[in-house]
Amino acid sequence: MILTLVRHATLVVEYAGRRLLVDPMLGEQGSAPAVENTPNQRPNPLVPLPVPAPELVANVDAVLVTHLHDDHFDDTAKRALPRELPLACQPEDAEELRGEGFTDVRPVDGTIDMLGISIARTDGRHGTGEIGEQMAPVSGFVLSAAGEPTLYIAGDTIWCDEVDNALREHAPGVVVVNAGGARFNVGDPITMTPADVIATADATGEETLVVAVHMDAINHCVDTRAALRAATSEPRILIPRDGEALGLG
């Protein structure tokens, strides 16, 4: 498996001979407004793509979308992606994606097979209390295939029982977590803080790698890569740069 962080939560995963694009946010730097009622009011994304969007969507075999918030599936991605690509999503989003013209939408309710890769859906909590309820629903995905490490993409979630249960059930070799401590001006964080990332690593096996993404690209993600590096020296926690490819497993 080769996992490349594009930017924010957007990944290219080369897995079981397939090239998968995860949570594509492909808009140009500063092309979208800041998330309202949040710290650091600057236009989004804060940083450019490391490679042009057409290059990212070329030779993609399938797309995985954890949920439809704009920082995970934006208008640029909707325009750029071929409508016939297989697109895995949570069941709640299938109708909207079909309405956008995608013709091979595959909602994951339990486990599906997509191009020879088993994909299971997992739950999460996109924050606490009323904010968490308003931000739902969100999902994660667990990928498995012969000859590859099991990959758990947790999606937009804080550390919670649902994440702990997914780790216990699937025993992944690689876990991707959305860090950044995203938050509004009131309430608790809605994605993982450094403490949450560390808790995730502590709950995994001694050889499991935790890849922390979702930082330094959207205005309300206030916990930076530098803050996460300062919080932990755990070698199993990997913090890739935008455009960095990791050979895993």
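The structure contained in this document is the topic of the report that follows. None of the values given here were measured: they were computed from a predicted structure.

Some points on unusual backbone geometry
Leaving glycine aside, a negative phi is the common case for residues, and trans is the common case for peptide bonds.
Part 1: Cis geometry marks the peptide bond from N44 to P45, where omega comes out at -15°.
Part 2: Relative to the elements of secondary structure, P45 occurs in the loop between strand 3 (18-22) and helix 1 (53-57).

Things to note about the packing of aromatic side chains
Part 1: One pass over the structure, following the stated rule, counts one aromatic pair.
Part 2: For the pair F73 and F102, a centre-to-centre distance of 6.0 Å together with 50° between the ring planes defines the contact as tilted. Separated by 29 residues along the polypeptide, F73 in the loop between strand 4 (62-65) and helix 2 (75-80) and F102 in the loop between helix 3 (94-99) and strand 6 (105-107) bring together distant segments of the chain. For the pair F73 and F102, a shared accessibility class is recorded, and that class is buried.
Part 3: Between the NZ or CZ atom of R83 and the centre of the ring of F102, over which it lies, the distance is 4.4 Å.

Describing the sheet that holds strand 3
Part 1: Within the open sheet, the seven strands sit side by side as 6-5-4-3-2-1-14. Their pairing is mixed. For this open sheet the edge positions go to strand 6 and strand 14 (245-247), each flanked by a neighbour on one side alone. Here the average twist between neighbouring strands, direction ignored, is 20°.
Part 2: Of the pairings in the sheet, the one linking strand 1 (residues 2-7) to strand 2 (residues 10-15) comprises five bridges and is antiparallel in character. In the strand pairing of strand 2, R7 is matched with T10.

Here's the deal with the pairing of strand 2
Part 1: For strand 2, a buried count of five out of six residues is recorded, marking the element as mostly surrounded by other parts of the structure.
Part 2: Linkage of strand 1 to strand 2, two consecutive antiparallel strands, is achieved through a turn of two residues, within which H8 is found at a positive phi near 60°.
Part 3: Taken together, the five bridges between strand 2 and strand 3 define a ladder with antiparallel strand orientation. From the neighbouring strand, Y15 faces strand 3, where its bridge partner is R18.

About the cut-offs
Residues numbered from 1 in each chain as written. Predicted model: local features only at pLDDT ≥ 70, side-chain atom pairs only at ≥ 80, totals over all residues. Heavy atoms only, no water. Helix = DSSP H or I, 4+ residues; strand = E, 2+ residues; numbered from the N terminus. Phe/Tyr/Trp six-rings, centres within 6.5 Å; stacked < 30°, edge-to-face > 60°. Buried < 20%, exposed > 50% of the residue type's maximum accessible area, 1.4 Å probe, protein only. Lys NZ or Arg CZ within 6 Å of the ring centre and 35° of its normal. Pairing = 2+ DSSP bridges. Axes fitted to C-alpha atoms, helices over the stretch in contact; angles between N-to-C directions.

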